[in-house]
2 protein chains.
Amino acid sequence: MGNRPNIVSPWKAAYDQFSPDDIVSAGTSFMAGNGYLGYRGTFPEWRAREYAACIVSDTYDMADGTWKELCSIPNALVTKTELNSREVSLHTGAISGYVLGIDTSAGITYGSYRWEQDGHSCGISFSRFAHLEQIHTIPQRIIITPDCSGELKLTTGIDGDVWSLHGDHFSSVTPRKYQQSLAAVCITAEKGLEITCSQHCRISGAVPNHISVIHDDRSLYREYTIPVNAGIPVVIEQVMSVHTIHDVSSPLEHSLQHGSDASAKGFDQLLLEQKTAWSREWQRFDITLEDEENSEDQLLFRFNSYHQRIATPSHTDHLPIGARGLSCQAYQGAAFWDQEIFNLPMYIHTDPDIARKLLTYRYKTLDGARKKAKRLGYSGAFYAWVSGDTGDELCPDYFFREVITGRPIRNHFNDWQIHISPDIAYAVLNYYRITGDWEFMTVHGAEMLCEISRFLFSRSSFRKDRNRYDILRVLGPDEYHENVDNNAFTNYQARYVLQGTLDILSQLEQQDPQMFRMLQQRLKLSSDEYIWWQEMTQLLYLPPPNESTGFIEQFQGYFALEDASPEELTQRLLDPQEYWGAPIGVAQDTQVIKQADVIQLFVLHTDLFSREVMEKCYRYYEPRTHHRSSLSPAVHAIAAARLGMKHEAFRYFRTAAAIDLYSTHAPVSGGTFIGGIHTAACGAIWQTAVFGFAGYRADDASLSFDPLIPEAWKTLSFRLAYRGQGFHARISNSFVTVTADKGNTRSLVFSSGESRYTLEPGKILTYTPR
Amino acid sequence: MGNRPNIVSPWKAAYDQFSPDDIVSAGTSFMAGNGYLGYRGTFPEWRAREYAACIVSDTYDMADGTWKELCSIPNALVTKTELNSREVSLHTGAISGYVLGIDTSAGITYGSYRWEQDGHSCGISFSRFAHLEQIHTIPQRIIITPDCSGELKLTTGIDGDVWSLHGDHFSSVTPRKYQQSLAAVCITAEKGLEITCSQHCRISGAVPNHISVIHDDRSLYREYTIPVNAGIPVVIEQVMSVHTIHDVSSPLEHSLQHGSDASAKGFDQLLLEQKTAWSREWQRFDITLEDEENSEDQLLFRFNSYHQRIATPSHTDHLPIGARGLSCQAYQGAAFWDQEIFNLPMYIHTDPDIARKLLTYRYKTLDGARKKAKRLGYSGAFYAWVSGDTGDELCPDYFFREVITGRPIRNHFNDWQIHISPDIAYAVLNYYRITGDWEFMTVHGAEMLCEISRFLFSRSSFRKDRNRYDILRVLGPDEYHENVDNNAFTNYQARYVLQGTLDILSQLEQQDPQMFRMLQQRLKLSSDEYIWWQEMTQLLYLPPPNESTGFIEQFQGYFALEDASPEELTQRLLDPQEYWGAPIGVAQDTQVIKQADVIQLFVLHTDLFSREVMEKCYRYYEPRTHHRSSLSPAVHAIAAARLGMKHEAFRYFRTAAAIDLYSTHAPVSGGTFIGGIHTAACGAIWQTAVFGFAGYRADDASLSFDPLIPEAWKTLSFRLAYRGQGFHARISNSFVTVTADKGNTRSLVFSSGESRYTLEPGKILTYTPR
């Protein structure tokens, strides 16, 4: 558990004390990013030791033979300051007025402190952001205000000593010096990919009287010697510019030109652009509380949506959202089921274009999924558990270590956690349901659905003597229990997807018979397959609620396991870093779960179960849940809100929303670094507001809200889009006000109990929720 | 690795030096037994500390909540000797002439030594056997010959302090004193079962001048003070008599009467009976080498057959052969697949009555197998992996410990090692094929076959998109690899059994339609089931020999595992006691196997594969085999002999035959005591001679030999029976001589290449094997 930063405003959070213990979490929480790159929230003088890093998307590379991950590139914003031959740093003098924080309104990392040593002192502050539109650009401004006259020495340039999780990703790093800039050309070890970064630096407020160059193998700096006067600030404006060979044919040229142009524009102008860009984003994504006095919850909503947004590669349709975004290399910069189930809903409901890009990424990686299925002896598409640019499985066979013996553990995330495929299909179906984007469905979606259904069928086992289909040997979302049968989450998802596929195919056959035939031919779909899928929707075993207890069993045999609590199991640990799950962790033979599959199931398929069953299951599983997955608390907040458990829902919202800002999750498990931003949890916070507290549902017939707004919030406001029609919603427990966009082309229908309300384009409607 | 005893004669082996390291293995190797009880090969003065123990069959009891095992009962033969107030023991004086051994000709444990302390000395010797016909009786004779006059003090009686592996099995042990005897009435902890033992003691050669009684809570002794003269031996004849409430309604009365009668008969008369009885046994089971000078191999054959015989409860048809016989409590006194595949063949071919009893035991435990199948969600009969009196599964979920962390390991021997059921069916089919006992088949066998086929069908998975049946998530005999799919051994066995079941049912329908209908009705066999079984024989996936390499893959994915050698893996151990197998042992993710499933398959199904395939597989798997199972070397000996690898076969025969006598297997693995006699290995030695070196095959059309006799042996001789016709065979590499029993009622046909020879009752035939 880290220290807690302060809530500075409804948009800002910052530490006001320096502690070495907070370096990792501050670097993550206060990072700047734009979906193309991420730059950690560190002071300009910090280096690899302080986990300073810039992670660049689309640079998957394997350096150690096991872990393919994004590259952490040389840091072209590093800046060392000396005042009168004394190093200005947090370790070399008396420090006061320390601040390190984030301004989520425009994605600005900022920090400052006053330094004093032997009567020499100065103030130092910086701001930095990753430009949301000029995605290759990171502007940084440092202001140093000496309290005494004398000589300032600034050493700034490119630090080739990078913090990299799994090996040195560069076969070469070649620093280059130019008149106005410095650059480093990096060639990746595995693929020989070129990545170039450059630094463009302008100093104002004082004039250097000497500039020299310092370099070593991989690093290159300019050292500016600057006479200064007390009270006169020296302003250093820098631009880091990053390009890869995937972006442009000559990364070095582009980097130099791009950086030079941005530098010429100046920090203030760039900042203005950034604020304008972010202001547009917030119009779509912001969850607004009535009472802005409630800064903490308001900031938590924004903090999480900010991080979800900067993790999203919205500039392209061939890259995923990494499970740790671009905050570090953990989880390999790759997508998990998180992307579809946790990140995607906000985009589906607010910015379908981004959602479509992310699903198109899945379409483009369909061949990787086909290869994986085939390799494991199945048909169709079994998506990678850990998916990078190609869709090939990136998840290593050995993920954690048994920390006592040091032996690697063979976890079966990559071959048995099959729900990834139906989760993606669920997202395709949901995307279509909400956006009505039939063109995407015909061009991409239907093919994905067919291949996923095909996989699900081939992955099932038919028992003739029981006349039923089983799905054997899986992991559900609860990864503590490997190798389980008829996992409730997986089986219900599979059934939903098979039915959805059949429905879409039937619609396609009617509406676009030519497209249907082309699809049939391309996929070599046989008529047997329709019959099989149909049969499987009817005969797939779906763990039912127990008739007397109402409990749905997470998987076959779960209730026969030892009944224990997470607290009891903690006592059994021999080492706090032990991995709790299979094959020999303390939880695997007990009912203690990492996250609750059945609760997750309810959030996706509320209609299938009675409220009584859901409530009974919630009360059974909740105390047995370790919430060791950052995905878990938000799901509990949504489910609790839907079940009318106001305090429980709020408590879980707070837990979920604070995971990163208050750094509540350990960054290492089973010897593996799993730190960085919990992107899925961030995405889920938006869902807690809209699906949980506001109780929003979009059915084919109408839209509805079923609010359970915490008292402290009074109202929740946000924007939504449904089948091309945008509207703003302001929700309290006693009223719902919806305002349709002027540009809407159709009316929207809202329902409340038996009542129906029609909202015409540009109109406002207020009604009482039932 | 223990020390090696000497080969005293072709019938006898003995240690001639005392070493504390040999106490465990001598106790096992030199034990006396008769299938009802086992008494370890210990000196009369040894106690629990020296693993003295008497294990009684049919006394399954659970004392610790985990391990149901046979009881180790109070030792009613313990005898302490003092000469002139000095204790005579191996630890209290100078020892010479030490001997501790076994005479396999009549199952006699014997031992002696000379003891000397401060000029006082004596010789002490003992003999002991478990009466083969009066199975409740263990006679023991001790002879003490003092070299000096003075006073001998003998303390003999019942030692209630027993060596028990898993807890105290007695809620009470009540010692009782009688005029001529002592007794102890024991009540077992779990079931309240009564077990009584008594001691009856007669002393000759000197007359005690004082007798007193010593007792504590659970023990009771008489102390005899006896004046002795130099050179005049004192002879103590004792009888231990054991009964349980499963044998008689009043164990105490029976024990006293029985012991008193035996004691009255005298040791010499009892010994004569014993020799006569064993002489009859050896006529059936002995493997005789031409050259009796070759004592070691000759003794090894006899040592192993002796132990196989004394482990067999031939007095009843409701008990199994324990995997460690009655040598100790390890493996719970329970049957594994060992019984059918390793122990049964000798009886099928030499003494079908015993074989029938053992299979009847499996019939009587069919309900346990049905319950197990049902509990795990299957139909039919899934036999217990560890089977005691009821057929309920005795195998605990946790068998070994991960020795470094001390955590228990969940091994899936009990729920995934399904080949036990087809192995039993294989034995039923084989028993019928060799004995022609159609009555057994109709009354018991057919029902077992149906229930096992039913189980196999319900345990399989049908893949419609591949039109094939798979058997998923099993362990083959190679237990290092859990949770494997389409294990070659299991799948070929399953197919054989399904076909065999269909054949038997078809025969039954034709020959005994009424019996057939009764079976159908009793088992509620549906016509669907025949069709399913038929279909499964055709569509079950059978791993084929690879077209280019000829290798049959042990299970799906085996060849993709790390290729390593047992020697390399030994280097990776952190602790020599580590368990090598799943879930985290050093072998589980490598191609190193505990024993070779594919080689085992060849031994059972030689006809299915070309010699070339078998040879290629042998050469592939052999160097990757750890032989950590005592079942492994004998199987390699048989396979190597069949493949004409004379030296390889002989080397593996020697390894296999010496496992117990030379104590080559560690008695502890993963923290669990697994010592005691390796009964299956013992049974397999008979098979190495008959099926391996002699190459005996019994087909429906004829019998044949394909000899590969090691040079040192010149010939192998043994008796066989085929469909009620007995004959003696003497086999060399250049001739086969078969002698038919006079009492035979039909001729036997032998074949050699294209030639056929008919052997009439009472006649001798010699021919040249091809």
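In the block above lies the structure referred to throughout.
This structure is a prediction, so every number in the text was calculated from the model and none was measured.

Caption draft 1: Quick look at the overall build of chain A. Of regular secondary structure, chain A possesses 19 helices and 34 strands. Over its C-alpha atoms, taken along the principal directions, chain A stretches across nearly 90 × 60 × 60 Å. A burial count over chain A gives 65% of its 770 residues as buried. Sequence-distant contacts, at least 24 apart, represent 67% of the contacts inside chain A between residues at least 6 apart. Counting every atom, chain A has about 26000 Å² of accessible surface; 48% of that belongs to carbon and sulfur. Distance between charge centroids for chain A: 3 Å, based on 70 positive and 91 negative side chains.

Caption draft 2: Quick look at unusual backbone geometry. That bond from Ala-582 of chain A to Pro-583 of chain A is cis: its omega, 5 degrees, falls within 30 degrees of zero. With a phi angle near 50 degrees, Ser-663 of chain A is a residue other than glycine that sits in the positive phi range. Within the element layout of this structure, Ser-663 of chain A appears in the loop between α18 (646-657) and β25 (668-669). The phi dihedral of Asn-483 of chain B is positive, around 65 degrees, even though this residue is not glycine. Inspection of the secondary structure assignment puts Asn-483 of chain B in the loop between β24 (468-470) and α11 (488-511).

Caption draft 3: Summary view of the interface of chain B and chain A. In this complex, chain B contributes 35 residues to the contact, which on the side of chain A involves 35 residues. The contact between chain B and chain A buries some 2800 Å² in all, and 46% of this surface belongs to carbon and sulfur atoms. It is Arg-407, Lys-464 and Arg-473 of chain B in chain B that bury the most area against chain A; as a group they hold 24% of the surface buried on that side. Applying the counting criterion to the chain B and chain A interface returns 6 salt bridges. Scanning the region where chain B abuts chain A turns up 24 residue pairs in polar contact (both at pLDDT 80 or more). Looking at the side of chain B that touches chain A, the elements that each hand over two or more residues are β21 (398-402), β22 (407-410), α10 (438-459), β23 (461-463) and α13 (527-539) of chain B.

Caption draft 4: Representation of the state of the cysteines. Residues and elements named next belong to chain A. In the structure shown here, the tally under the stated rule is 0 disulfides over all chains. Cys-148 takes part in no disulfide bond, and the closest cysteine sulfur to it belongs to Cys-122, at a distance of 7.6 Å. The closest cysteine sulfur to the non-disulfide-bonded Cys-682 is located on Cys-328, 12 Å from its own sulfur.

Caption draft 5: Just helix α19 (residues 679-693) of chain B, in detail. All names here are of chain B. Look at α19: 21 Å from first C-alpha to last across 15 residues, which is about the 21 Å you get at 1.5 Å a residue. Roughly 35 degrees is the biggest bend found in α19, and it falls at Gln-687. Immediately beyond the C-terminal end of α19, within one or two residues, lies Gly-695, with a positive phi of roughly 65 degrees.

Caption draft 6: Region of the structure containing the relation of the copies chain B and chain A. Rotating chain B by 180 degrees and translating it 0.0 Å along the rotation axis places it on chain A, where the RMSD comes to 0.0 Å. As the rotation angle and translation indicate, the two copies are arranged about a two-fold axis.

Caption draft 7: The arrangement of the side chain of Asn-411 of chain A in detail. Residue and element names in this part refer to chain A. Looking at the element boundaries, Asn-411 is found in the loop between β22 (407-410) and α8 (413-416). The class for Asn-411 is buried, based on a relative accessible area of 1%. Ignoring anything within four residues of it in the chain, the contact list for Asn-411 reads Asp-397, Phe-399, Phe-400, Glu-482, Tyr-579 and Ala-582.

Caption draft 8: The sheet that holds strand β12 (residues 137-146) of chain A, seen in detail. Residue and element names in this part refer to chain A. Taken together, 10 strands build an open sheet; the order of strands is β1-β2-β9-β10-β11-β12-β19-β16-β15-β14 and the sheet is antiparallel. The outermost strands of the open sheet, each flanked by one partner alone, are β1 (6-9) and β14 (170-177). Each strand axis lies, on average, 20 degrees off the axis of its neighbour in the sheet, ignoring direction. Note: strand β11 (residues 120-129) against β12, 7 bridges, orientation antiparallel. Directly across from Ile-124, in β12, lies its bridge partner Ile-144. Lying on the sheet, helix α2 (residues 251-265) is in contact with β12, β14, β15 (181-188), β16 (194-204) and β19 (234-244); it crosses β16 at an angle near 25 degrees. This element, helix α4 (residues 295-310), spans β1, β2 (12-15) and β9 (94-103) of the sheet and lies at about 90 degrees to β1.

Caption draft 9: How the structure looks around the environment of Ala-63 of chain A. Residues and elements named next belong to chain A. Summarising the element assignment, Ala-63 is placed in the loop between β5 (54-62) and β6 (68-73). In sequence terms Ala-63 and Ser-171 are 108 residues apart; their C-alpha atoms lie 9.4 Å from each other. Once you skip the residues sitting within four places of it in the chain, Ala-63 turns out to touch His-166, Gly-167, Asp-168 and His-169.

Caption draft 10: View of the pattern of salt bridges. Summed over the entire model, instances satisfying the criterion amount to 102 salt bridges over all chains. Close ionic contact of Arg-642 of chain B with Asp-706 of chain B constitutes a salt bridge, the shortest N to O distance being 2.6 Å. Of this pair, Arg-642 of chain B sits in helix α17 (residues 632-642) while Asp-706 of chain B sits in the loop between β28 (703-704) and β29 (716-722); the two residues are 64 residues apart in sequence, bridging distant segments of the chain. Taking the relative accessible area as the measure of exposure, Asp-706 of chain B reaches 26% and is therefore partly exposed. One connected set of salt bridges, linked through shared partners, spans Asp-367, Arg-370, Glu-447, Glu-451, Arg-454, Arg-522 and Glu-529 of chain A.

Caption draft 11: Region of interest: helix α2 (residues 251-265) of chain B. Residue and element names in this part refer to chain B. The first and last C-alpha atoms of α2 sit 21 Å apart over 15 residues, in line with the 21 Å expected at 1.5 Å per residue. Within α2 the residues assigned to the buried category are Pro-251, Leu-252, Ser-255, Leu-256, Gly-259, Ala-262 and Ser-263. One side of α2 carries all its buried residues, which in axial view fall inside an arc of 140 degrees. In α2, those exposed residues whose orientation departs by more than 90 degrees from the buried face are Glu-253 and Ala-264. Looking at the packing, one finds that the buried side of α2 touches β12 (137-146), β14 (170-177), β15 (181-188), β16 (194-204), β19 (234-244) and α3 (267-285).

Caption draft 12: Expanded view of the packing of aromatic side chains. This model, assessed by the stated rule, comprises 119 aromatic pairs over all chains. Each ring, one from Tyr-432 of chain B and one from Trp-438 of chain B, has its centre 5.5 Å from the other, and the planes form 50 degrees; the classification is tilted. Judged by its relative accessible area of 17%, Tyr-432 of chain B falls in the buried class. One aromatic cluster in this structure is built from Trp-67, Tyr-331, Phe-336, Trp-385, Phe-399, Phe-400, Phe-413, Tyr-480, Tyr-579 and Trp-580 of chain A. Arg-324 of chain A extends its terminal NZ or CZ atom over the ring of Tyr-331 of chain A, reaching a point 4.1 Å from the ring centre.

Rules and cut-offs
- Residues numbered from 1 in each chain as written.
- Chains lettered and ligands numbered in written order.
- Predicted model: local features only at pLDDT ≥ 70, side-chain atom pairs only at ≥ 80, totals over all residues.
- Heavy atoms only, no water.
- Helix = DSSP H or I, 4+ residues; strand = E, 2+ residues; numbered from the N terminus.
- Buried < 20%, exposed > 50% of the residue type's maximum accessible area, 1.4 Å probe, protein only.
- Contact = heavy atoms within 4.5 Å.
- Areas by Shrake-Rupley, 256 points an atom, 1.4 Å probe, with all protein chains shown as cover.
- Lys, Arg positive; Asp, Glu negative; His and termini not counted.
- Charge placed at Lys NZ, Arg CZ, Asp CG, Glu CD.
- Buried area = accessible area lost by both parts, 1.4 Å probe.
- Salt bridge = Lys/Arg side-chain N within 4 Å of Asp/Glu carboxyl O.
- Polar contact = N/O pair within 3.5 Å; in protein donor to acceptor, adjacent residues only side chain to side chain.
- Disulfide = S-S within 2.5 Å.
- Expected span 1.5 Å × (residues − 1).
- Bend = angle between axes of the 7 residues up to and from the residue.
- Least-squares fit on C-alpha atoms with pLDDT ≥ 70 in both.
- Pairing = 2+ DSSP bridges.
- Axes fitted to C-alpha atoms, helices over the stretch in contact; angles between N-to-C directions.
- Arc of directions from axis to C-beta.
- Phe/Tyr/Trp six-rings, centres within 6.5 Å; stacked < 30°, edge-to-face > 60°.
- Lys NZ or Arg CZ within 6 Å of the ring centre and 35° of its normal.

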